[in-house]
Amino acid sequence: MVAWLAIQVTENELRVNSSPNSFNQAVTFTFSTSTWNHIAIVKKGTNLLAFIDGVLKATWSFPYTIGSTYTIGSEISFFESGYGLNSLDELRISNIARWTKNFTPPTAAYGEIAKCITLLHFDNNATNSSSISQTWTKNQYVLYSSSVKKFGTHSMYDQYGVSEADPNPNGDFVNNTGIFYNYLTGDWTAECWFATLA
């Protein structure tokens with residue numbers, strides 16, 4: 001079954017849900033304010049693996065294929081909904097199960113490597129640095145920060161978080177080039193650095 005997938009972060013959990021298959025699972029974890037955490041969701045065979053800071057926290061059955069539209073903030077979402085704002089850095093999507101057991105999170109910005117489909121550094125732009133052609137469009141409510149970042153010169157954040165005041169809460173970046181449909185029909189990895197902001 002083709003499904004959309006949301007990877008959601010609140011102050012006390014990492015949640016993954018999907019529709020129309022009613023998949024909804026969560027890992028309890030305290031995300032401290034202004035602390036960067038590495039988050040990775042890996043599809044390996046018919047399972048999803050959830051990692052936080054390189055530690056495998058859960059394995060769930062997920063025998064589904066992801067749909068053809070890829071969006072940060074909607075179809076694939078990394079966001080904090082419990083309090084404050086959030087910041088993202090170094091988002092990488094790969095068509096391989098890059099992590100299947102505990103690992104050491106990267107200590108520098110990602111480089112172009114094999115099986116990398118999408119690579120966004122958020123260094124004051126939405127330019128994809130992988131070799132796969134794709135276009136990202138930033139909505140007007142998303143900003144770049146040079147003072148809060150994990151690597152490089154900037155990170156990305158939604159100035160409204162996911163509050164009711166957000167004029168466009170459905171997504172931060174939108175990509176309609178069919179990245180999932182074309183490349184992520186088997187194993188894949190979605191990973192980034194995430195921080196909640198006071």
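Residues numbered from 1 in each chain as written. Predicted model: local features only at pLDDT ≥ 70, side-chain atom pairs only at ≥ 80, totals over all residues. Heavy atoms only, no water.

1. Quick look at the nonpolar core
- Formed by 35 residues in total, the largest nonpolar core has its most connected members in L5, L14, F31, I41, L48, W60 and W188.
- If we ignore the near neighbours within four places in the chain, the residues touching W60 are V16, F23, Q25, A26, V27, T46, N47, L48 and A50. (Core = buried A, V, L, I, M, F, W, Y, C linked by side-chain atoms within 4.5 Å. Buried < 20%, exposed > 50% of the residue type's maximum accessible area, 1.4 Å probe, protein only. Contact = heavy atoms within 4.5 Å.)

2. Regarding the pattern of salt bridges
- Evaluation of the coordinates by the stated rule reveals three salt bridges.
- A salt bridge links D187 to K44; the nearest nitrogen and oxygen atoms lie 3.7 Å apart. Placement of the pair is D187 in the loop between α1 (179-183) and β15 (188-197) and K44 in strand β4 (residues 37-44), with a sequence separation of 143 residues.
- Judged by relative accessible area, K44 falls into the partly exposed class, the value being 42%. (Salt bridge = Lys/Arg side-chain N within 4 Å of Asp/Glu carboxyl O. Helix = DSSP H or I, 4+ residues; strand = E, 2+ residues; numbered from the N terminus.)

3. Observations regarding the packing of aromatic side chains
- Scanning the entire structure with this criterion turns up eight aromatic pairs.
- Ring centres 5.0 Å apart and planes at 75° place the aromatic pair F23 and F62 in the edge-to-face group. With F23 in strand β3 (residues 23-28) and F62 in the loop between β6 (55-61) and β7 (65-66), this residue pair connects regions lying 39 residues apart in the sequence.
- The buried category is assigned to F62, whose relative accessible area is 0%.
- Measuring from centroid to centroid gives 4.9 Å for F62 and Y64, while their planes differ by 85°, and the two rings are edge-to-face.
- Members of the aromatic cluster, connected to one another through ring pairs, are F23, W60, F62 and Y64.
- Above the plane of the ring of Y110 lies R92, whose end atom (NZ or CZ) is 4.1 Å from the centre.
- Directly above the ring of W193 sits K150, whose terminal nitrogen or CZ lies 4.3 Å from the centroid. (Phe/Tyr/Trp six-rings, centres within 6.5 Å; stacked < 30°, edge-to-face > 60°. Lys NZ or Arg CZ within 6 Å of the ring centre and 35° of its normal.)

4. Focus: the pairing of β6
- Of the pairings in the sheet, the one linking strand β5 (residues 47-52) to β6 comprises six bridges and is antiparallel in character. Opposite N47, over in β6, you have S61 as the bridge partner. (Pairing = 2+ DSSP bridges.)

5. Here we look at the confidence of the model for the protein chain
- Averaged over all residues, the pLDDT of the protein chain equals 78, while 75% of them reach at least 70.
- Under a pLDDT of 50 for its full length, residues 73-84 has, in the predicted model, 57 contacts with residues more than four places off or in other chains. (pLDDT = per-residue confidence, 0-100.)

6. Details of the side chain of N17
- Take N17: it is sitting in strand β2 (residues 13-19).
- N17 sits in the buried class, given a relative accessible area of 12%.
- Non-local contacts of N17, meaning those with residues more than four positions away in its chain, are made with W4, L5, A6, Q8, F23 and N24.

7. Some points on the environment of T35
- By the element assignment, T35 lies in the loop between β3 and β4.
- For the pair T35 and L197, spaced 162 residues apart in sequence, the C-alpha separation works out to 8.4 Å.
- Those residues within four positions of T35 in sequence are excluded, and the remaining contacts are F194 and A195.

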